[in-house]
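# Coordinates in review
Chain residues, written in single-letter form:
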Amino acid sequence: MPLQSKSRSNKRSSSSASYASTITMVVFVALCFLGVWMLTSNSVVPVPQTSTRATATTNSDESQVATKTETTTTSTSFEDTPGDLPDDAIKDDDPSSKQEPGPEDQQQAVESHLTLTDPSQQEQNNSTSTTTDDSPNEVVKAEESADDQEKNREQRQEDESNDNVVNTQVEDQLLQQEQQQEVESTSTSENTETEAQTESTTPETDQQETKTTTTPQNDRSIEHEFTDVTNQEIQPQKQDSHETKDSTAGTGTGSNSNLGESFPGGDNSGIPKESKESKKSWSTQAAQSENEKERRKDETDGQDGIYGYTWHLCNVTSGPDYIPCLDNEKALKQLHSTRHFEHRERHCPEEGPTCLVPVPEGYKRSIEWPASRDKIWYHNVPHTLLAEVKGHQNWVKVTGEFLTFPGGGTQFIHGALHYIDFLQQAVVGIGWGKRTRVILDVGCGVASFGGFLFERDVLAMSFAPKDEHEAQVQFALERGIPAISAVMGSQRLPFPSRVFDLVHCARCRVPWHAEGGMLLLELNRVLRPGGYFVWSATPVYQKLEEDVEIWKAMSSLTRSMCWELVTIKKDKLNSIGAAIYRKPTSNECYEKRKQKRPPMCKDDDDANAAWYVPLQSCMHRVPVDAAERGTQWPENWPLRLQTPPYWLNDSQMGIYGKPASQDFAADYEHWKRVVNNSYMSRLGISWSNVRNVMDMRAVYGGFAAAMKDLKVWVLNVVNVDSPDTLPIIYERGLFGIYHDWCESFSTYPRTYDLLHADHLFSKLTKRCKLAPVLAEVDRIVRPGGKLIVRDESRAIGEVENSLKSLHWEVRLTFSKNQEGILSAQKGDWRPNTYANSS
């Protein structure tokens, strides 16, 4: 028995020794692999620098922390620049390559420009990085033993329990570095206060000077880019002495020569502010309309901060297609008559809604132009009535998961391009894309006519009433074709007089001859002297009794309006005909009429008044003064784009304080620089995803003009309380509309890819609350769509807070000299509760 026990003991000893040997070998091999890995992964290439500071950014997808060093210099015009962010700080514009940002990602997106690294990560960086001389080719390698790793691991765990202490120490060290870099001395308390302001997640933009949440990955920071752009921008003629002083209050100061010009919209340069003197020379659409119809809209003072606002879905019967001013059920029930299509006109709620419109089930990001002209996702506009009723006329067809558009219409079943060329052959003087640049398409259907006119360099303002034919305007906008929801009813169209080169109506079934020709007289108001009216309808070429009666009435009316019937042309392929009329260029015919019907409008009747102004059955005289708008045809396209209108008198002060024509030219050059040097490359926007664009506060249309070579169209909105510059926009071959942003816009939800707002929101806060305005922005922008805001810092902060509460991704904010810029992108978020029905 003792021998057996000893044998078993020896066996156990041998086995233990074998196990120990095996463990030793495994540990040795593991340490070897660890050493090789440390040699290959922990190498650092030092960057020559005078002083460095570490920055970090958090990747929302992978939750990894990266550090980067940068050189801080004192020769730039922005001495308080935070420096370039890491290359991965720029957010990808491709929605398919990233997840939707959550609340934590949005919090990180608005952190200060001085981003602190995680203490544990910084400790690791310190243990693996070595500061050497300025040689860029020397590589310093760091190794750690297993014991060192264990010690560092314990140290990191200890550091994680003392995050606040370490953050404070790192912050103090970075602040000391910034103090040494200042050109002008700044006290430690001032720097600490500025740093605290910059790091605040709730922006106080009226106090801070500079704030960036992310910068595009270029070789220069966004601050340098704005300096480059604005150093050449429009300069007001008169400047006070204090405007040229260096007024930086950030973490550093710039040179006196550049800092006053450092940011668009600043006191001395950038986006110029409207001069007070110019207001004496320019009337507004609101004033014109008020004087015409004796109506004044109540103004609401005050501005409400809505950060943290609780949003709900709109509890309305129209659901995903909700247009507040066209779907106001309460107002529609109170109408006494619908004889003049009053139920299709604007009836806005007393206060704009603050609810959000739901998204159709199965909605997908829109197809890019030009493929979108021919097909769209069915679930984005899930309506089939038009396909059922008009399918045989090639309007729209259901093809699997798509709605397809063969390019036809009631009057051009065999395609719009053939029809467009047919009209050109009928009247050579039309001159598509040269003499004729901007047209009005009445009763546009799905707007295939306007969609194919892009191939002829023609812009078509297409409109049709909502629900007259289900979703026709929504189809047009989803395809990437300009269109608005409007009707010719009891009020004037929201356009100036004498601006459209041609007006088109293809079987639009409008009773032109009714009520003294009131509706056709409205087209006469907006048509240029010498412009054409194209009417392709059954009364032109069919001999049915009803058609014959309509043709007789139409012929009598057009003769009394002094319209010249240029031609009646038949199209054999489509088996249709078109009558083409021309508006007179003088008043001679009006004076010779035996029957003064329709009558001439009174001399004090303002033809340009168009905001809620009732229609009248009268004609305005053609201007005869050589200096008056309408006596000459504009330059051919594209020359007219950059040519100041002949009627823009230099004795009249422009919006920004220069003589009008000089103001126009300077504005154009300014926006070309901003678009080319900033918007195209420095906001992180993928412009291939942008088609439908709106300038929410256009002045001369300079922003739209600068976008001419892109595959986009821009709807210029001139606010009713701003100088009435919309005729200038039309004169240069662009188009637009009057609007009051304290009300909803007449378009379907999810119809614009990008909104641009230049000093809009700061003006709106004097008249209405911003919550409904931001809800309206959210309504009309597509998921994945963008918003660019340039405004006063206070307004930028309020807009930013609102967008964050809407779960938009705020991709960039920057403020300087009380002016700022913001770039944001809409996500897919919708609340899951409905608002209380009123």
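Along each chain, residue indices are assigned from 1 in the same order as the chain's sequence is written. Totals for whole chains, interfaces and linings use all residues, but because this is a predicted model, local features are given only for residues with pLDDT of at least 70 and pairs of side-chain atoms are given and counted only at 80 or more. As a rule here, side-chain values cover all heavy atoms of the structure and leave hydrogens and water aside.

Before going further, it helps to examine the overall build of the protein. The helix and strand labels rest on DSSP assignments: H or I over at least four residues marks a helix, E over at least two residues marks a strand, and numbering proceeds from the N terminus. In terms of regular secondary structure, the protein is built from 25 helices and 19 strands. Relative accessible area decides the class of each residue, using a 1.4 Å probe on protein chains only: under 20% of the type maximum gives buried, over 50% gives exposed, and in between gives partly exposed. For the protein, buried positions account for 54% of its 838 residues. Element-wise, carbon and sulfur atoms account for 48% of the exposed surface of the protein, whose accessible area totals about 37,100 Å². Under the convention used here, a 1.4 Å probe and the Shrake-Rupley method define accessible areas, while residue burial counts only the protein chains that appear.

For the rest of this paragraph, the subject is the pairing of strand E11 (residues 564-571). Two faces make up the sheet, and in a regular strand the side chains alternate between them. Bridging between E11 and strand E12 (residues 576-582) involves seven bridges; their strand directions are antiparallel. Its bridge partner being in E12, Ile 568 is matched across the sheet by Ala 579. Hairpin geometry of E11 and E12 is characterised by an intervening segment of four residues between the two adjacent antiparallel strands and by a positive phi of about 60 degrees at Ser 575. In this description, strands pair whenever DSSP reports at least two bridges between them.

Turning to unusual backbone geometry, a few remarks are in order. Omega for the bond connecting Arg 597 with Pro 598 falls within 30 degrees of zero, at 0 degrees, which places this linkage in the cis form. Secondary-structure assignment places Pro 598 in the loop between helix H18 (588-592) and helix H19 (639-642). With omega at 10 degrees, the peptide bond leading from Trp 637 into Pro 638 counts as cis. Structurally, the position occupied by Pro 638 is in the loop between H18 and H19. A positive phi angle, near 60 degrees, is found at Phe 341, a position not held by glycine. If you trace the backbone, Phe 341 turns up in the loop between helix H10 (329-333) and strand E3 (375-377). A positive phi angle is found at Asn 817, which is not glycine, with a value near 55 degrees.

Sizing a probe to match a water molecule and rolling it over the atoms shows the empty space that remains. In this analysis the probe radius is 1.4 Å and the grid spacing 1 Å, with only protein atoms considered; a cavity is a set of points the probe fits into but cannot get out of, a pocket is an open set with protein on both sides within 12 Å along at least five of seven lines, and lining residues have an atom within 4 Å of a point. Grid points are joined across faces, edges and corners, and a volume is the space filled by probe spheres set on the points. Counted under the stated rule, the structure contains ten cavities of 30 Å³ or more. A volume near 300 Å³ is recorded for the largest cavity. Contributing to the lining of the largest cavity are 20 residues, with Arg 346, Ala 486, Arg 492, Pro 494 and Ser 746 lying nearest its centre. Those elements that place two or more of their residues in the lining of the largest cavity are strand E8 (484-485) and strand E15 (736-739).

What follows is about helix H24 (residues 770-780). Burial of H24 is extensive: ten of the eleven residues sit out of reach of the surface. Here, residues are in contact when the closest pair of their heavy atoms is within 4.5 Å. Buried positions along H24 lie against strand E13 (692-695), strand E16 (752-758), helix H23 (761-764), strand E17 (781-792) and helix H25 (793-805).

With that out of the way, let us pick up the packing of aromatic side chains. Under the pairing criterion, centres of Phe, Tyr and Trp rings, with the six-membered ring standing for Trp, must be within 6.5 Å; the plane angle then separates stacked pairs below 30 degrees from edge-to-face pairs above 60, leaving the rest tilted. Tallied over the full model, the rule gives 23 aromatic pairs. Note on Phe 405 and Phe 475: the rings are 5.8 Å apart at their centroids and 65 degrees apart in plane angle, and the pair reads as edge-to-face. With Phe 405 in the loop between strand E5 (402-404) and helix H12 (416-426) and Phe 475 in helix H14 (residues 472-479), this pair connects stretches of sequence that are 70 residues apart. For the ring pair Phe 533 and Trp 563, a centre distance of 5.4 Å and an interplane angle of 45 degrees mean the geometry is tilted. Of this pair, Phe 533 sits in strand E10 (residues 527-536) while Trp 563 sits in the loop between helix H17 (545-560) and E11, and the two are 30 residues apart along the sequence. The residues Phe 533 and Trp 563 share a single accessibility class, namely buried. Ring-pair connections join several aromatic residues into one group, and the members of that group are Phe 412, Tyr 419, Phe 422, Trp 432 and Phe 449.

Attention now moves to helix H20 (residues 660-679). The end-to-end C-alpha separation of H20 is 26 Å, in line with the 28 Å expected for 20 residues at 1.5 Å each. For H20, a buried count of 14 out of 20 residues is recorded, marking the element as mostly surrounded by other parts of the structure. What a helix is expected to span follows from its residue count: subtract one and scale by 1.5 Å.

Before going further, it helps to spend a moment on the pairing of E17. Counting buried positions over the twelve residues of E17 gives eleven, a clear majority of the element. Here six bridges tie E16 to E17, and the two strands are oriented parallel to one another. By the bridge assignment, His 756 is partnered in E17 with Ile 788. Bridge analysis of E17 against strand E19 (residues 819-825) gives seven bridges, and the strand direction is antiparallel. Paired with Asp 791 across the two strands is Gly 820, which belongs to E19.

Each patch is built from residues that are more than 30% exposed by relative accessible area and take part in no salt bridge. Like charges join if they lie within 9 Å; nonpolar side chains (Val, Leu, Ile, Met, Phe, Trp, Tyr) join within 5 Å. Basic side-chain nitrogens of Lys or Arg form a salt bridge, by our definition, when they fall within 4 Å of a carboxyl oxygen of Asp or Glu. A cluster of nonpolar side chains, contributed by Ile 23, Val 27 and Leu 31, occupies part of the molecular surface with about 270 Å² of accessible area. Tracing the backbone through its elements, the reader meets Ile 23 in helix H1 (residues 2-41).

Glancing now at the confidence of the model for the protein. Scored by pLDDT, the protein comes out at a mean of 77, with 65% of its residues at no less than 70. Known as pLDDT, the predictor's per-residue confidence is scaled from 0 to 100. The low-confidence segment residues 1-17, where pLDDT is below 50, has zero contacts with residues more than four positions distant or belonging to other chains. Scored below 50 in pLDDT, residues 295-306 makes 25 contacts in the model with residues more than four places away or belonging to other chains.

This paragraph deals with the pattern of salt bridges. A side chain of one charge can pair with a side chain of the opposite charge if their charged atoms are brought near each other. In the structure shown here, the tally under the stated rule is 23 salt bridges. In this structure, Arg 346 and Glu 743 form a salt bridge, with 2.9 Å as the shortest nitrogen-oxygen distance. Here Arg 346 is found in the loop between H10 and E3, whereas its partner Glu 743 is found in the loop between E15 and E16, with 397 residues between them in sequence.

Next up on the list: the sheet that holds E16. Taken in spatial order, the seven strands make up an open sheet running E15-E14-E13-E16-E17-E19-E18, and their pairing is mixed. The outermost strands of the open sheet, each flanked by one partner alone, are E15 and strand E18 (809-816). Pairwise comparison of adjacent strand axes, ignoring direction, gives a mean angle of 15 degrees for this sheet. Pairing between strand E14 (residues 713-719) and E15: four bridges, direction parallel. Bridged to Asn 716 within E15 is Gly 736. Lines fitted to C-alpha atoms define the axes, with helix axes restricted to the stretch in contact, and inter-axis angles between N-to-C directions lie between 0 and 180 degrees. Docked against the sheet, H24 engages E13, E16 and E17, running at close to 140 degrees with respect to E17.

As for its placement among the helices and strands, Asp 758 is situated in strand E16. Along the sequence, Asp 758 and Arg 697 sit 61 residues apart, while their C-alpha atoms lie 6.1 Å from each other. Among the polar contacts listed, one links the side chain of Asp 758 to the side chain of His 759, at a separation of 2.7 Å. We define a polar contact as two N or O atoms separated by no more than 3.5 Å, with the added condition that, inside protein, one atom must be a possible hydrogen donor and the other a possible acceptor, whereas residues neighbouring each other in sequence contribute only through side-chain atom pairs.

Next up on the list: the sheet that holds E3. If you trace the three strands from one edge of the open sheet to the other, you get E3-E5-E4, paired in antiparallel fashion. With one partner strand each, in any of the chains shown, E3 and strand E4 (397-399) form the two edges of the open sheet. Pairwise comparison of adjacent strand axes, ignoring direction, gives a mean angle of 30 degrees for this sheet. For E4 and E5, the ladder comprises three bridges, and the chain directions are antiparallel. Across the sheet, Val 398 pairs through a bridge with Leu 403, a residue of E5.

Here the focus is the state of the cysteines. Disulfides are defined in this document as cysteine sulfur pairs within 2.5 Å. Within this structure, the stated rule accounts for six disulfides. In this model, Cys 325 is linked to Cys 348 through a disulfide, with the two sulfur atoms separated by 1.9 Å. Its S-S torsion of about 110 degrees marks the bond between Cys 325 and Cys 348 as right-handed, since a negative value means left-handed. Of the two residues, Cys 325 is situated in the loop between helix H9 (285-293) and H10 and Cys 348 in the loop between H10 and E3; the sequence distance between them amounts to 23 residues. Between Cys 505 and Cys 508 runs a disulfide, and the two sulfur atoms are separated by 1.5 Å. What sets the handedness of the Cys 505 and Cys 508 disulfide is the S-S torsion sign, and at about -80 degrees it is left-handed. By the burial criterion, Cys 505 is buried, and Cys 508 matches it.

Structurally, His 620 is set in the loop between H18 and H19. His 620 sits in the buried class, given a relative accessible area of 16%. In this view, His 620 contacts Arg 492, Arg 525, Tyr 590, Met 600, Cys 601, Asp 605, Asp 606 and Ala 607; residues no more than four positions away in its chain are not counted.

Our focus in this paragraph is the nonpolar core. What we call a nonpolar core is a set of buried Ala, Val, Leu, Ile, Met, Phe, Trp, Tyr and Cys residues that are connected through their side-chain atoms within 4.5 Å. Counting 147 residues, the largest nonpolar core has Leu 440, Trp 512, Phe 533 and Phe 761 as the members making the most contacts within it. What counts as a domain boundary in this text is fixed by an automatic or database domain assignment. Residues from two domains meet in this core; each of domain 1 (312-358 + 654-826) and domain 2 (407-592) gives at least three. Other than its neighbours up to four places away in sequence, Trp 512 contacts Val 442, Met 488, Cys 505, Gly 517, Met 518, Leu 519, Leu 520, Leu 523, Phe 533, Trp 535, Met 554 and Leu 557. Core analysis: the next-biggest nonpolar cluster, separate from the first, contains eleven residues, Ile 376, Leu 386, Phe 405 and Ala 471 among them.

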